[in-house]
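# Structural description and commentary
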Amino acid sequence: MSRAGAGSVLDRPLGRVRGTETQVSLSAFAYLYSELVQYHQSRVASISELERRLESSGYGVGFKVLELLAYRSRESKRETRIMSILQFISSSVWKSLFGKAAD
C-alpha cells in the first residue's frame, strides 16, 4: 500500500514548507482552536472546569508534539541529564514551535 521511497507519516512535514520553514494556515489553526473551546464550553458548568479541560487537552497535544520531535531527532537514547534536555528544548523544540532557536 505504501509507495516506494515514501517516508513514514512521522517523517513528513506538519504543514506547508516554504524555504526552510514550515507553515500552518492561521485560519485553520484558529478554526480548530475555536472548535476545541466550543466543544469543551458546551460540556461544563463553570469556568474552572473549562480551564481544567482545556489544560488537559493542551497537555495531550503538547505531549504528542514533543514525542514527535524526539522521534525526529533520531537519537536512540532518552536523555536524563538536565543540560542535554535543556539543549534539546532550546534548539529542536523551540525552533519547531517559534521558527528560531531560543536566546
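Here is a short report on the structure shown in this document. Owing to the predicted nature of the structure, the values given are computational and were not obtained by experimental measurement.

### Observations regarding the overall build of the protein chain
- Helix and strand counts for the protein chain stand at 3 helices and 2 strands.
- When burial is assessed residue by residue, the protein chain has 10% of its 103 residues classed as buried.
- When contacts within the protein chain are restricted to residue pairs at least 6 apart in sequence, those whose partners lie at least 24 apart make up 33%.
- For the protein chain, the exposed area adds up to about 9000 Å²; of that, 59% sits on carbon and sulfur atoms.

### Some remarks on the packing of helix H2 (residues 47–72) against helix H3 (residues 82–98)
- It is at 11 Å that the axes of H2 and H3 come closest, and there the two elements cross at 115 degrees. One way to sum up the angle between H2 and H3 is to call them roughly perpendicular. For the crossing formed where H2 meets H3, the hand is right-handed. Taken together, the residues of H3 that come into contact with H2 (itself represented by Val 65, Leu 66, Leu 69 and Ala 70) are Phe 88, Val 93, Ser 96 and Leu 97.
- When the residues that make up the contact of H2 with H3 are grouped by side-chain class, the tally is 7 nonpolar, 1 polar and no charged.

### A closer look at the layout of surface pockets
- As a volume, the second largest pocket reaches approximately 550 Å³.
- Along the walls of the second largest pocket sit 15 residues, with Ala 70, Arg 78, Glu 79, Ile 85 and Phe 88 positioned nearest its centre.
- Of all the elements in the fold, those that place two or more residues in the lining of the second largest pocket are H2 and H3.
- Grouping the constituent residues of the lining of the second largest pocket by class yields 7 nonpolar, 3 polar and 5 charged.

### Here we look at the environment of Asp 103
- Inspection of the secondary structure puts Asp 103 in the segment after H3.
- By relative accessible area, which is 98% here, Asp 103 ends up exposed.
- Sequence separation between Asp 103 and Ser 91 is 12 residues; the distance between their C-alpha atoms is 9.6 Å.

### Observations concerning a nonpolar patch on the surface
- Residues Val 61, Val 65, Ile 82, Met 83, Ile 85, Leu 86, Ile 89, Trp 94, Leu 97 and Phe 98 make up a contiguous nonpolar surface patch of roughly 960 Å² in combined accessible area.
- Listing elements by their share of the nonpolar patch, those giving two or more residues are H2 and H3.
- Summarising the element assignment, Val 61 is placed in helix H2.
- Judged by its relative accessible area of 53%, Val 61 falls in the exposed class.

### Remarks on the environment of Val 93
- Counting through the fold element by element, Val 93 comes out in helix H3.
- The buried category is assigned to Val 93, whose relative accessible area is 11%.
- Through-space distance from the C-alpha of Val 93 to that of Val 65 is 8.9 Å; in sequence the pair is 28 residues apart.
- Once residues within four sequence positions are removed from consideration, Val 93 is found in contact with Leu 66, Leu 69 and Phe 88.

Calculation criteria
- Residues numbered from 1 in each chain as written.
- Predicted model: local features only at pLDDT ≥ 70, side-chain atom pairs only at ≥ 80, totals over all residues.
- Heavy atoms only, no water.
- Helix = DSSP H or I, 4+ residues; strand = E, 2+ residues; numbered from the N terminus.
- Buried < 20%, exposed > 50% of the residue type's maximum accessible area, 1.4 Å probe, protein only.
- Contact = heavy atoms within 4.5 Å.
- Areas by Shrake-Rupley, 256 points an atom, 1.4 Å probe, with all protein chains shown as cover.
- Axes fitted to C-alpha atoms, helices over the stretch in contact; angles between N-to-C directions.
- Parallel < 35°, antiparallel > 145°, perpendicular 65-115°, else oblique.
- Left-handed = near helix turned anticlockwise from the far one by under 90°.
- Nonpolar A, V, L, I, M, F, W, Y, C, P; charged D, E, K, R; others polar.
- 1 Å grid on protein atoms, 1.4 Å probe; cavity = no way out; pocket = protein on both sides within 12 Å on 5 of 7 lines; lining within 4 Å.
- Points joined across faces, edges and corners; volume = space filled by probe spheres on them.
- Patch = residues over 30% accessible without salt bridge, like charges linked within 9 Å, V, L, I, M, F, W, Y side chains within 5 Å.
- Salt bridge = Lys/Arg side-chain N within 4 Å of Asp/Glu carboxyl O.

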